[in-house]
Amino acid sequence: MRQKLVIGNWKLHGSLAANAALLDGIKAAPAPARARLAVCAPFPYLAQCQAVLSGTTIGWGAQDVSAETRGAFTGEVAAPMLAEFGCAYVLVGHSERRSYHGETDAIVAAKTLRALESGLTPVVCVGETLAQREAGETEAVVGRQLAAVLDALSIEQLGRIVLAYEPVWAIGTGKTATSEQAQAVHAYLRKQVVAHGEGFADVAARLQILYGGSVKPDNAAELFSMSDIDGGLIGGASLKAEDFLAIGNA
Ligand code: PEP
């Protein structure tokens, strides 16, 4: 039985005061009985997350990590730095990084490796655009994005990642994939992991695959009831403690 996981992606939102109110609100409520919660904050707020959330069951992490570990890479933040701030998770290959920052599948694979080397859990995001879905290319696109990561990892490393299916057309648009559409892609992703080689069936069965794309309190329960959907990656709705908790309790 895979544990459910609900991760908030704050994106480019927050301030010390707003985060304090949000984190206090999440922390004050009883922890969801059947899901682990985590928040992925902008880099400058990781110390605040560490201070407020240490000793709770709520995890925290970053939204990106450098493919490099150290050196002349101005503006980059390396995985060992995230580890120093107690991060458990880091998002890798979010569609906004892929499209606005030119992150290729190879860069996403390298970032995944850097995260694993520092003991972080990379949350590897894959997803198709609306044009790709309408052209019948969903499986080819997410399959290619997944394959780049599978090819770079050992079976042991694969056992330490989380996957997130986030259809680009559903992110921040208010359009959610139906639970059947999402389940079909999740099942396909799990099947691709099984097919990657001998011995991958066990790791595929344990792999947590989150759904992201306009998840809200009123659609979370149905999405999370699908057999291959192991929780959610939540953008907009993670900025309100009440909504984020309602999703965690769904
Ligand atoms: C996201 O940013 O990963 C996301 C899913 O955003 P939203 O929930 O706002 O669609």
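As recorded in an unreviewed UniProt entry, the protein goes by Triosephosphate isomerase and comes from Cupriavidus pampae. UniProt, in the comment section headed Subunit (unreviewed entry), describes the protein in these words: "Homodimer." Recorded under Catalytic activity (unreviewed entry), the UniProt text for the protein is reproduced unchanged: "D-glyceraldehyde 3-phosphate = dihydroxyacetone phosphate".

**Q** Would you mind going over empty space enclosed by the protein in detail, with residue names and values included?
**A** Rolled over the atoms, a probe sized like a water molecule indicates the empty space that remains. Under the counting rule described, the total for this entry stands at 1 cavity of 30 Å³ or more. The computed volume of the largest cavity comes to approximately 40 Å³. Taken together, G93, H94, S95, R98, C125, V126, G127, E166 and V168 make up the full set of residues lining the largest cavity. Those elements that provide at least two residues to the lining of the largest cavity are α4 (95–100) and β5 (121–126). When its residues are assigned to classes, the lining of the largest cavity shows 3 nonpolar, 4 polar and 2 charged.

Calculation rules
- Residues numbered from 1 in each chain as written.
- Predicted model: local features only at pLDDT ≥ 70, side-chain atom pairs only at ≥ 80, totals over all residues.
- Heavy atoms only, no water.
- UniProt positions renumbered as here; feature names shortened; annotations may be inferred.
- 1 Å grid on protein atoms, 1.4 Å probe; cavity = no way out; pocket = protein on both sides within 12 Å on 5 of 7 lines; lining within 4 Å.
- Points joined across faces, edges and corners; volume = space filled by probe spheres on them.
- Helix = DSSP H or I, 4+ residues; strand = E, 2+ residues; numbered from the N terminus.
- Nonpolar A, V, L, I, M, F, W, Y, C, P; charged D, E, K, R; others polar.

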